Amino acid sequence: AQRVTQPEKLLSVFKGAPVELKCNYSYSGSPELFWYVQYSRQRLQLLLRHISRESIKGFTADLNKGETSFHLKKPFAQEEDSAMYYCALTSDSGGYQKVTFGTGTKLQVIP
Amino acid sequence: GAVVSQHPSRVICKSGTSVKIECRSLDFQATTMFWYRQFPKQSLMLMATSNEGSKATYEQGVEKDKFLINHASLTLSTLTVTSAHPEDSSFYICSARAPNQPQHFGDGTRLSIL
């Protein structure tokens, strides 16, 4: 069974402080990992996917297979980063795709 | 960018009614569509995955006869909640993806059964 764990329900940081949203997963195969963000009253949208290895809005996330982690990081938090962040894992088995979301972390950036 | 339209955004109906929710990919062909349910202050729970032209694959604990999913075309999937009861009240979200692309989400449908 695949599982995604986001240990923090709420993370409060001051503007300009570094941010790290934790995500750990369990899956026996090769997973696809994503970070999604949901701003207030908006739909869920993709922030990052691990295979892209890109930086979006200053956020980066590196897949660490040894630690089975995919933590989301940003060196300097901005007020507009306040949102709900979900880590998700997608696996593909014989054409069937299964998606598992973490419970989400609410990021609150304090001015 | 890829857009997914979900309709209706809000439904209020009486117990025993069947409710259909539509999910459309507007500018791409969605070979796979997903249906989620989200309870208040909780994460998204995958209900089922559907590939165009084939039967949906339901997650454990999701009643197939209760939640009918149809994915008849590359741009449309529907979720029908049959004989809905108050415990079916929830926020339902669809997403769609093209091959090797990430999911794109709809705005969700808030279903309230009286």
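Throughout what follows, the structure given in this document is the object of discussion.

Quick notes on the rules
Residues numbered from 1 in each chain as written. Chains lettered and ligands numbered in written order. Predicted model: local features only at pLDDT ≥ 70, side-chain atom pairs only at ≥ 80, totals over all residues. Heavy atoms only, no water. Helix = DSSP H or I, 4+ residues; strand = E, 2+ residues; numbered from the N terminus. Buried < 20%, exposed > 50% of the residue type's maximum accessible area, 1.4 Å probe, protein only. Areas by Shrake-Rupley, 256 points an atom, 1.4 Å probe, with all protein chains shown as cover. Lys, Arg positive; Asp, Glu negative; His and termini not counted. Charge placed at Lys NZ, Arg CZ, Asp CG, Glu CD. Contact = heavy atoms within 4.5 Å. Disulfide = S-S within 2.5 Å. Core = buried A, V, L, I, M, F, W, Y, C linked by side-chain atoms within 4.5 Å. Salt bridge = Lys/Arg side-chain N within 4 Å of Asp/Glu carboxyl O. Pairing = 2+ DSSP bridges. Axes fitted to C-alpha atoms, helices over the stretch in contact; angles between N-to-C directions. Phe/Tyr/Trp six-rings, centres within 6.5 Å; stacked < 30°, edge-to-face > 60°.

## Focus: the overall build of chain B
- Of the regular secondary structure elements, chain B holds 0 helices and 11 strands.
- When the elements of chain B are put in sequence order from the N terminus, they spell out β-β-β-β-β-β-β-β-β-β-β.
- Seen through its C-alpha atoms, chain B measures out along the principal axes to roughly 40 × 25 × 25 Å.
- Within chain B, buried positions represent 52% of all 114 residues.
- With the model as given, the accessible surface of chain B reaches about 5600 Å², and the carbon-plus-sulfur share is 51%.
- In chain B, 11 positive and 9 negative side-chain charges are present, and the distance between their average locations comes to 4 Å.

## Observations concerning the side chain of Glu-59 of chain B
- Turning to its location among the elements, Glu-59 of chain B is positioned in the loop between β6 (57-58) and β7 (67-73).
- Relative accessible area serves as the criterion here: at 11%, Glu-59 of chain B is assigned to the buried category.
- Not counting the four nearest positions on each side in its chain, Glu-59 of chain B is found in contact with Tyr-96 and Lys-98 of chain A together with Leu-46, Met-47 and Ala-48 of chain B.

## A short note on the state of the cysteines
Residue and element names in this part refer to chain A.
- Inspection of every chain in the model, using the stated rule, returns 2 disulfides over all chains.
- For Cys-23, the disulfide goes to Cys-87, at an S-S distance of 2.0 Å. Across the S-S bond of Cys-23 and Cys-87 the torsion is about -65 degrees, and the bridge reads as left-handed. Residue Cys-23 is found in the loop between β3 (19-21) and β4 (24-26), and its partner Cys-87 is found in strand β9 (residues 83-93); the two are separated by 64 residues along the sequence.
- By relative accessible area, which is 0% here, Cys-23 ends up buried.

## Focus: the nonpolar core
- Counting residues in each nonpolar core, the largest one holds 26 residues, and the members touching the most others are Trp-35, Tyr-58, Phe-67, Ile-69, Leu-79, Tyr-92 and Leu-111 of chain B.
- Among the elements of the structure, β2 (10-13), β3 (19-25), β4 (32-38), β5 (44-51), β7, β8 (76-81), β9 (90-97) and β11 (109-113) of chain B are those that each provide at least two residues to this core.
- Dropping the residues within four chain positions of it, Phe-67 of chain B is found in contact with Arg-37, Met-47, Tyr-58, Val-62, Leu-79, Thr-80, Val-81, Asp-88 and Tyr-92 of chain B.
- With 24 residues, the next largest nonpolar core counts Val-19, Leu-33, Phe-59 and Tyr-85 of chain A among its residues.

## What to know about the pattern of salt bridges
- One pass over the structure, following the stated rule, counts 10 salt bridges over all chains.
- Of the charged contacts, one joins Arg-97 of chain B and Glu-32 of chain A as a salt bridge, the two residues approaching to 3.5 Å between their closest N and O atoms. In this pair, Arg-97 of chain B sits in strand β9 while Glu-32 of chain A sits in strand β5 (residues 32-38), so the two residues belong to two different chains.
- One salt bridge connects Arg-24 of chain B with Glu-22 of chain B, and the closest N-O pair in it is separated by 3.4 Å.
- A relative accessible area of 24% means that Glu-22 of chain B is categorised as partly exposed.

## Thoughts on unusual backbone geometry
- Residue Pro-8 of chain B follows His-7 of chain B across a cis peptide bond; omega there is 0 degrees.
- Note on placement: Pro-8 of chain B falls in the loop between β1 (4-7) and β2.
- Its identity as a non-glycine residue notwithstanding, Arg-41 of chain A has a phi of 65 degrees, on the positive side.
- Here the phi dihedral of Lys-57 of chain A falls at roughly 50 degrees; this positive angle occurs in a residue that is not glycine.
- Looking at the element boundaries, Lys-57 of chain A is found in the loop between β6 (45-49) and β7 (60-61).
- Note on Lys-57 of chain A: relative accessible area 46%, which makes it partly exposed.

## Here we look at the sheet that holds β3 of chain B
Residues and elements named next belong to chain B.
- The antiparallel open sheet is built from 4 strands, whose spatial order is β1-β3-β8-β7. This sheet does not close on itself; its edge strands, each paired only once, are β1 and β7. Across the sheet, the mean angle from the axis of one strand to that of its neighbour is 15 degrees, orientation sign disregarded.
- In this sheet, β3 lies alongside β1 in antiparallel orientation, the contact comprising 4 bridges. Looking at the pairing, His-7 lines up with Glu-22 of β3.

## As for the packing of aromatic side chains
- All chains considered together, the criterion is met by 10 aromatic pairs over all chains.
- Ring centres of Phe-59 of chain A and Tyr-85 of chain A lie 5.6 Å apart, and the angle between their planes is 45 degrees; this geometry places the pair in the tilted category. In this pair, Phe-59 of chain A is assigned in the loop between β6 and β7 and Tyr-85 of chain A in strand β9, connecting sequence segments 26 residues apart. The burial state of Phe-59 of chain A is the same as that of Tyr-85 of chain A; both residues are buried.
- Measuring from ring centre to ring centre gives 6.0 Å for Phe-101 of chain A and Phe-105 of chain B, while their planes differ by 75 degrees; the resulting arrangement is edge-to-face. Residue Phe-101 of chain A is found in strand β10 (residues 96-101), and its partner Phe-105 of chain B is found in strand β10 (residues 104-105); the two belong to separate chains. Across the pair, Phe-105 of chain B and Phe-101 of chain A agree in class, each one buried.
- Site record: aromatic cluster; members linked through ring pairs are Phe-34, Tyr-36, Tyr-86 and Phe-101 of chain A together with Phe-34, Tyr-36 and Phe-105 of chain B.

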